[in-house]
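One-letter residues, chain by chain:
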Amino acid sequence: MNNILVTGAFGQIGSELVPALQKKFGVDHVVAIGHHTIPKDFQGIVEQAEIGEGDKLEAIIKKYSIDTVYHLVSLLSAKGEVDPSLTWQINMGGLKIILDLAVKYNLQVFWPSSIAAFGPTTPRVNTPQQTVLEPTTMYGVTKVAGELLVAYYHKKFGVDIRSVRYPGIISWKTPPGGGTTDYAVAIFYDGLQKGSYECFVRPDTTLPMMYMDDAVRGTMELMEADPSKLTIHTSYNLAAISFTAEELAKEINKQLKVDVTYKPDFHQAIADSWPQSIDDSVARKDWGWNHEYTLPKMTETMIIALKKKFSLA
Ligand code: SER
C-alpha cells in the first residue's frame, strides 16, 4: 500500500513530483504538505504544517496511514547564505524529525542531497561517487551532514531511506527560487518575457544540470528499486547534462532571440566550488538510472512549456 506524504510539496521539485505520484498511485494516496505557498488551483489532499512541527507531522502520518515520505523541504544554496542559522534549522531540524518518525512508523523515505555537498577540494570533472565533501555553503554543509545522518539511520535503525545528489534542476512550473543553478531557469523566464537576461555567473561557468522530467522519473525509480541492489546509503551521484552558461544561451538563441549579458555576483564563488560534471556510474549500475533529456531537447521543451504558461504560444 502506498500512502505518500510529500513535504515541500509546492517547491520546485514537489510541484512536479506530486502530480507524478498522484498519477501513479491515485490522488487519494498523496498528501501534500505546504505552508503559505499552496497554489489556489492545487488538486489533491493538502495539509498545512511547518517542518519544525513534529507533533503535527506525526498526526498527519497517523491520519492518512502514511508509509512513504518524500522529504523535500529545504532552503537552497544562495538563499541559504542570507540566513545560515535558519538554513541549518530547516534543512537539518526537518530531516531529523522525519527520520525519527520513519523509525517509529516504519516509513520509507526519500531525501535529496545535491552537488552542493561537494566543495572546492573535490575533483571537479567526472566527480566520483566517493570523494572529498568539504562544501563552503551552509546549504552544502546541511547536505553533507544530512547524508551522514541518513546513512546512520539506515545502519542503526534499518530505515529504508534513499537519496540522490541532484544536479541543477531545470524546470518551468515554478519560478526560480534561491538556488545557484537557477540562472539556467531564469534565462528562459526572462528570455521569453523580456527578450534579455542578465546572468549572475560568467559565460564559461559549467555545472551539471538535469531536466525536471528526468529528475522526477529517476527519483521514483530509485524508490522502487530492489533494496538488495542498493550499495550507496549516503546519496547517489546523479547526472544528465553539463554545459556552460554561454552554450545554453546559444542553444536558446537557435529558437528565440535573447540578449544575454553577464554580471557575475556572489553566486559565482558558489558555482566555482561545485563540480562541472559528475560520474554517476554507480546509480546507472545499481538501479538502472538513465537520463533522456539532452541540451537541445530540454531547451525545446522549456520554450514550448513557458510559451504556453505565459500565453505566448
Ligand atoms: N540547485 C541547487 C542550488 O543551486 C543545488 O542543489 O542551490
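Bear in mind that the values here come from a model prediction, so they are computed numbers and not experimental data.

## Here we look at the sheet that holds strand E8 (residues 164-166)
In space, the three strands of this open sheet follow the order E6-E8-E12, with parallel pairing throughout. Pairing within the sheet leaves two strands with one partner each, and these edge strands are strand E6 (113-114) and strand E12 (236-237). Pairing between E8 and E12: two bridges, direction parallel. Paired with Arg 165 across the strands is Asn 237, a residue of E12.

## Focus on the pairing of strand E11 (residues 206-211)
A regular strand places its side chains on the two faces of the sheet in alternate fashion. Within E11, six of the six residues are buried, which leaves it mostly tucked inside the rest of the structure. The alternating pattern of E11 places Thr 206, Pro 208 and Met 210 on one face and Leu 207, Met 209 and Tyr 211 on the opposite face, and all of these are buried. By the bridge criterion, three bridges tie strand E9 (residues 168-170) to E11 in an arrangement that is parallel. Looking at E11, one finds that Gly 168 is bridged to Met 209. Across four bridges, the pairing between E11 and strand E13 (residues 241-244) is antiparallel. Bridge pairing links Leu 207 to Phe 243 in E13.

## Quick look at unusual backbone geometry
A positive phi angle is found at Ser 65, which is not glycine, with a value near 45°. Its place among the elements puts Ser 65 in the loop between helix H2 (54-63) and strand E4 (68-71). Here the phi dihedral of Ser 311 falls at roughly 55°; this positive angle occurs in a residue that is not glycine. Position of Ser 311 relative to the elements: it lies in the segment after helix H11 (295-309).

## Observations regarding the environment of Glu 147
Position of Glu 147 relative to the elements: it lies in helix H5 (residues 138-157). Looking at Glu 147, the relative accessible area reads 1%, which means it is buried. Between the C-alpha atom of Glu 147 and that of Ile 98, which follows or precedes it by 49 residues, the distance is 14 Å. Setting aside its immediate chain neighbours within four residues, Glu 147 contacts Trp 111, Ser 113, Ala 117, Leu 133, Arg 165, His 233, Thr 234 and Ser 235.

## Description of the side chain of Thr 122
Position of Thr 122 among the secondary structure elements: in the loop between E6 and H5. A polar contact of 2.8 Å, which involves the side chain of Thr 122, links it to the backbone oxygen of Val 132.

## Brief notes about the side chain of Ser 15
Summarising the element assignment, Ser 15 is placed in helix H1 (residues 14-25). A polar contact of 3.3 Å, which involves the side chain of Ser 15, links it to the backbone oxygen of Phe 10. Sequence-distant contacts of Ser 15, defined by excluding residues within four places in its chain, comprise Ala 9, Phe 10, Lys 173 and Thr 174.

## Topic: the pattern of salt bridges
All told, the structure shown has 16 salt bridges when counted by the stated rule. Here Asp 160 ties to Arg 162 by a salt bridge, and the two come within 2.8 Å at their closest N and O atoms. Relative accessible area serves as the criterion here: at 4%, Arg 162 is assigned to the buried category. It is possible to trace a salt-bridge network through shared partners that takes in Asp 214, Arg 217, Glu 221 and Glu 292.

## Digging into the packing of aromatic side chains
Evaluated as defined, the whole model comprises eleven aromatic pairs. Relative to Phe 157, the ring of Tyr 152 lies with its centre 6.4 Å away and its plane at 80°, an arrangement referred to as edge-to-face. Its relative accessible area of 44% is what places Tyr 152 among the partly exposed residues. Residue Phe 157 is classed as partly exposed on the basis of its relative accessible area, which comes to 43%. Their ring planes at 75° and their centres at 5.9 Å tell us that Tyr 236 and Trp 287 sit as a pair that is edge-to-face. With Tyr 236 in strand E12 and Trp 287 in helix H10 (residues 281-287), this residue pair connects regions lying 51 residues apart in the sequence. There is no split in this pair, since Tyr 236 and Trp 287 are both buried. Here the aromatic cluster, defined as three or more aromatic residues joined through ring pairs, consists of Tyr 70, Phe 110 and Tyr 166. One cation-aromatic arrangement involves Lys 297 over Tyr 293; the distance from NZ or CZ to the ring centre is 4.5 Å.

## Describing the site of the ligand
Close contacts around the ligand come from Leu 76, Ser 77, Ser 114, Tyr 139, Gly 179, Thr 180, Thr 181 and Trp 274, and that covers them all. Between the ligand and the protein, one listed contact pairs an oxygen atom with a side-chain N or O atom of Tyr 139 at 3.0 Å. Split into classes, the residues belonging to the shell around the ligand amount to three nonpolar, five polar and no charged.

Procedures and definitions
Residues numbered from 1 in each chain as written. Predicted model: local features only at pLDDT ≥ 70, side-chain atom pairs only at ≥ 80, totals over all residues. Heavy atoms only, no water. Pairing = 2+ DSSP bridges. Helix = DSSP H or I, 4+ residues; strand = E, 2+ residues; numbered from the N terminus. Buried < 20%, exposed > 50% of the residue type's maximum accessible area, 1.4 Å probe, protein only. Contact = heavy atoms within 4.5 Å. Polar contact = N/O pair within 3.5 Å; in protein donor to acceptor, adjacent residues only side chain to side chain. Salt bridge = Lys/Arg side-chain N within 4 Å of Asp/Glu carboxyl O. Phe/Tyr/Trp six-rings, centres within 6.5 Å; stacked < 30°, edge-to-face > 60°. Lys NZ or Arg CZ within 6 Å of the ring centre and 35° of its normal. Near = heavy atom within 4 Å. Nonpolar A, V, L, I, M, F, W, Y, C, P; charged D, E, K, R; others polar.

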